[in-house]
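# Structure assessment
Residues per chain, in single letters:
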Amino acid sequence: MQATQNVSHKEIARFDKLAARWWDPDGESRPLHDLNPVRLDYVAKRVALRDARVADVGCGGGLLSEALARAGADVVGIDMGLKVIEIARLHLHESNVQVDYRKQSSAELAAAEPASFDAVCCMELIEHVPDPAALVHDLAVMLKPGAPLFMSTLNRTPASFGAAIIGAEYIAGLLPRGTHHYAQFLKPSELARLFRQEGLELEDISGLGYNPITRKAWLGRITAVNYLVCARKPA
Ligand code: SAH
């Protein structure tokens, strides 16, 4: 089961523990809250969201799913954490948007709805799965021909080790210790290789800057810590 689902149950349990506080902008998901407007902007600049069918894979409590839905997209949000999916569903009562949240694996959604999405988002997930290549495969299957895939993740550099693990987990206490595993961080070139293997065309790599003190996030050229990519399935 574990191999076909491409899930680390330890990872899921870690995020489920945070579920109740997911929508607290000052809780453990605080960096995700702060990054969210920049991520939405990046996506919205590259795909017309109104009435687009969008998959948000590893949606967590639904920060990006809701933002996409508010921009007019018809969103399916999937995650393997039952508690985070419950929190995501509960939050819809407060936000008055619609999202189809499912506890489902990327493999299951890809098998159920191949070539069905006008865009696929997968933010801050690939560094938590046992088999990154299998995840990219599933995401590629979901895309309609010509549709973009958006991903964000942490680069594997001394800077990201310093910022995401030492800084965020040990010094600032911003994230629980053990949230990230350095060996699972992916270099842009490694992600690009996974895209090539699936026949996806890399369109953009942008650095995602973040200052946890001012809580400002921005797009830039520096990809050493966190970065966003856009790749496209050929039409
Ligand atoms: N994409 C969201 C949440 C990122 S946190 C955002 O950026 O706002 C990572 C999420 O991935 C958690 O909700 C966790 O439950 C989920 N996750 C971890 N491993 C997973 C897997 N193998 N399949 C699906 N979701 C997974």
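Residues numbered from 1 in each chain as written. Predicted model: local features only at pLDDT ≥ 70, side-chain atom pairs only at ≥ 80, totals over all residues. Heavy atoms only, no water.

For the chain, the name recorded in an unreviewed UniProt entry is Ubiquinone biosynthesis O-methyltransferase, with Dyella nitratireducens as its organism. In its Sequence similarities (unreviewed entry) section, UniProt records this for the chain: "Belongs to the methyltransferase superfamily. UbiG/COQ3 family." The UniProt entry for the chain carries the following text under Pathway (unreviewed entry): "Cofactor biosynthesis; ubiquinone biosynthesis." (UniProt positions renumbered as here; feature names shortened; annotations may be inferred.)

A count of helices and strands for the chain gives nine helices and eight strands. In terms of C-alpha radius of gyration, the chain reaches 16 Å, essentially the compact-globule figure of 18 Å for 235 residues. Principal-axis analysis of the C-alpha atoms gives the chain an extent of 45 × 40 × 40 Å. For the chain, the accessible surface area stands at approximately 10600 Å², while carbon and sulfur atoms represent 56% of it. Of the charged side chains in the chain, 26 are positive and 28 negative, and the gap between their average positions amounts to 4 Å. (Helix = DSSP H or I, 4+ residues; strand = E, 2+ residues; numbered from the N terminus. Rg over C-alpha atoms; globule rule 2.2 N^0.38 Å. Areas by Shrake-Rupley, 256 points an atom, 1.4 Å probe, with all protein chains shown as cover. Lys, Arg positive; Asp, Glu negative; His and termini not counted. Charge placed at Lys NZ, Arg CZ, Asp CG, Glu CD.)

Taken together, the neighbourhood of the ligand is formed by 16 residues, with Asn-6, Arg-39, Gly-58, Asp-79 and Met-123 sitting nearest. Interatomic distance of 2.7 Å between a side-chain N/O atom of Arg-39 and an oxygen atom of the ligand. Residue Gly-58 places a main-chain N or O atom 2.6 Å away from a nitrogen atom belonging to the ligand. With the chains in place, 97% of the 570 Å² that the ligand exposes on its own is no longer accessible. Those elements giving two or more residues to the shell around the ligand turn out to be helix H2 (9-18) and helix H3 (30-44). (Near = heavy atom within 4 Å. Polar contact = N/O pair within 3.5 Å; in protein donor to acceptor, adjacent residues only side chain to side chain.)

Let us now look at the side chain of Ser-152. By the secondary structure assignment, Ser-152 is in strand S5 (residues 148-154). Polar side-chain contacts of Ser-152 include one of 2.6 Å to the side chain of Glu-124. Apart from residues no more than four positions distant in its own chain, Ser-152 is found in contact with Cys-122, Met-123, Glu-124, Leu-125, Glu-127, Asn-226, Tyr-227 and Leu-228. (Contact = heavy atoms within 4.5 Å.)

In this section: H2. Among all positions in H2, only Glu-11, Ile-12, Asp-16 and Leu-18 are buried. Burial along H2 is one-sided: seen end-on, the buried residues are contained in an arc of 155°. What points out from H2, more than 90 degrees from its buried face, is the exposed set His-9, Lys-10 and Lys-17. Elements in contact with the buried residues of H2: helix H5 (82-95). (Buried < 20%, exposed > 50% of the residue type's maximum accessible area, 1.4 Å probe, protein only. Arc of directions from axis to C-beta.)

This part takes up the sheet that holds strand S3 (residues 99-103). The eight strands are arranged S3-S2-S1-S4-S5-S8-S6-S7 in an open sheet whose pairing can be described as mixed. With partners counted over all chains shown, the strands left at the sheet margins are S3 and strand S7 (216-220), one partner each. Neighbour-to-neighbour, the strand axes of this sheet turn through a mean angle of 20°, independent of strand direction. Relative to S3, strand S2 (residues 74-79) runs parallel, the two being bridged by five bridges. Along S3, the bridge assignment pairs Val-75 with Val-99. (Pairing = 2+ DSSP bridges. Axes fitted to C-alpha atoms, helices over the stretch in contact; angles between N-to-C directions.)

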